[in-house]
Amino acid sequence: MFILVNLKTYPCDPVAVAEAVRDVDEKTDARLAVAPQDAHVERVAATGVETWAQHVDPIDHGSNTGHALAESLAEAGAEGTLINHSEKRLKLADIDGSIRAAERAGLETIVCANNPAQIGASAALGPDAVAVEPPELIGTGTPVSQADPDVVEDAVDAADGVDDDVSVLCGAGISTGEDVVSAADLGAEGVLLASGVAKADDPAAALADLVDPL
Ligand SMILES: O=C(CO)COP(=O)(O)O
């Protein structure tokens, strides 16, 4: 399983969380990574943890102000990027452009989507992976894999129907190892999570619990 910890703009110490993720990653067969804010990518990557960007824009070097350039994030140490997160929605043409920008920079891609229909459309654009995250469950602590198993299974079917090379992850409310196991049982190859680690009193303990049953 791939476990990607999205730090959003939570007021946690990104380097301390990154070190905890790196340490847990070394002790488990699961693949763990962290997606910090752009300003923290370089410091987080320097810990040795697999580091992802939260977003890239569909742009190239040039006359663009206030954008996230894929090449710059890759140079700072990012190995992949989320695209179209529920909190950073893009138009279809821009999702396509962001995937192409990420590919150009050598970044792995996960396109997020609200529901199985959007998962199918996203898979058609050829990212490495898609992630279904029902917005109403994000940040609630109610795990999508247990509260809405159909949405995960339907997302897996939708992506497989378009391109079975595209992996499917799920996210929203995931915070325990049991939630991760139920996601795997539904056919997800990984999970995205945020508050369960970024807002935990002890992020290292929260991470240890996440991988414990894997
Ligand atoms: O948006 C998410 C991960 O990208 C999920 O957030 P929570 O884990 O806080 O529900």
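Starting afresh in each chain, residues are numbered from 1 along the sequence in its written order. Given that the model is predicted, a residue must reach a pLDDT of at least 70 before its local features are reported, and side-chain atom pairs must reach 80 or more before they are shown or counted; all residues, however, enter totals for whole chains, interfaces and linings. The side-chain quantities take in all heavy atoms of the structure and omit both hydrogens and water.

- By the naming in an unreviewed UniProt entry, the protein is Triosephosphate isomerase, taken from Halostagnicola kamekurae.
- UniProt positions are given in the numbering used here, feature names are shortened, and annotations may be inferred rather than shown by experiment. UniProt, in the comment section headed Subunit (unreviewed entry), describes the protein in these words: "Homotetramer; dimer of dimers."

1. Thoughts on the UniProt feature "active site" (unreviewed entry) in the protein
Phase 1 of the analysis: Here, UniProt's "active site" (unreviewed entry) annotation points to H85 and E133. A stretch of 49 residues holds the annotated residues, and the largest C-alpha distance among them is 8.5 Å, short enough that they meet in one place.
Phase 2 of the analysis: Only DSSP runs of H or I covering at least 4 residues are called helices, and only runs of E covering at least 2 are called strands; the numbering of each starts at the N terminus. One can find H85 in the loop between β4 (80-83) and α4 (92-104).
Phase 3 of the analysis: Working rule for contacts: check all heavy atoms of both residues, and any pair within 4.5 Å makes them a contact. In contact with H85, not counting residues within four places along its chain, are N6, K8, C112, E133 and I138.
Phase 4 of the analysis: In this structure, E133 sits in the loop between β6 (129-132) and α6 (144-147).
Phase 5 of the analysis: Here the side chain of E133 touches H85 through a polar contact of 3.1 Å, side chain to side chain. Whenever two N or O atoms come within 3.5 Å, that pair is a polar contact, provided that in protein one can donate a hydrogen and the other can accept it, and provided that, for residues adjacent in sequence, both atoms are side-chain atoms.

2. Re helix α5 (residues 116-123)
Phase 1 of the analysis: For every residue, the accessible area obtained with a 1.4 Å probe (protein chains only) is divided by the maximum for its type, and the residue is called buried under 20%, exposed over 50%, and partly exposed between those limits. Every buried residue belonging to α5 is among P116, I119, G120, S122 and A123, and all of these are buried. Angularly, the buried residues of α5 cover 165° about the axis, an arc narrow enough to put them on a single face.
Phase 2 of the analysis: Buried positions along α5 lie against β5 (108-113), β6 and α7 (149-162). This arc is taken over the directions from the axis of the helix to the C-beta atoms.

3. Re the pairing of strand β8 (residues 190-193)
Phase 1 of the analysis: Side chains of β8 alternate between two faces, with G190 and L192 and V191 and L193 buried alike.
Phase 2 of the analysis: Where strand β1 (residues 2-6) lies against β8, 4 bridges are found, and the strand directions are parallel. Looking at β8, one finds that I3 is bridged to V191.
Phase 3 of the analysis: Bridge count between strand β7 (residues 167-171) and β8: 3 bridges; the pairing is parallel. From the neighbouring strand, L169 faces β8, where its bridge partner is G190. Note on pairing: DSSP must find at least two bridges between two strands before they are called paired.

4. Things to note about the site of the ligand
Phase 1 of the analysis: Around the ligand, a shell composed of N6, K8, H85, E133, I138, G139, A172, G173, L192, L193, A194 and S195 is seen.
Phase 2 of the analysis: Interatomic distance of 3.1 Å between a side-chain N/O atom of N6 and an oxygen atom of the ligand.
Phase 3 of the analysis: At 3.3 Å from an oxygen atom of the ligand is found a side-chain nitrogen or oxygen belonging to E133.
Phase 4 of the analysis: Residue-level accessible areas treat just the shown protein chains as cover; the underlying method is Shrake-Rupley with a 1.4 Å probe. Burial of the ligand by the surrounding chains reaches 100%, relative to a free accessible area of 300 Å².
Phase 5 of the analysis: The residue inventory of the shell around the ligand, partitioned by class, reads 5 nonpolar, 5 polar and 2 charged. Residues are counted as near a molecule or strand when any one of their heavy atoms sits within 4 Å of it. Throughout this entry, Asp, Glu, Lys and Arg are counted as charged residues, while Ala, Val, Leu, Ile, Met, Phe, Trp, Tyr, Cys and Pro are counted as nonpolar. The remaining residues, Gly among them, count as polar.

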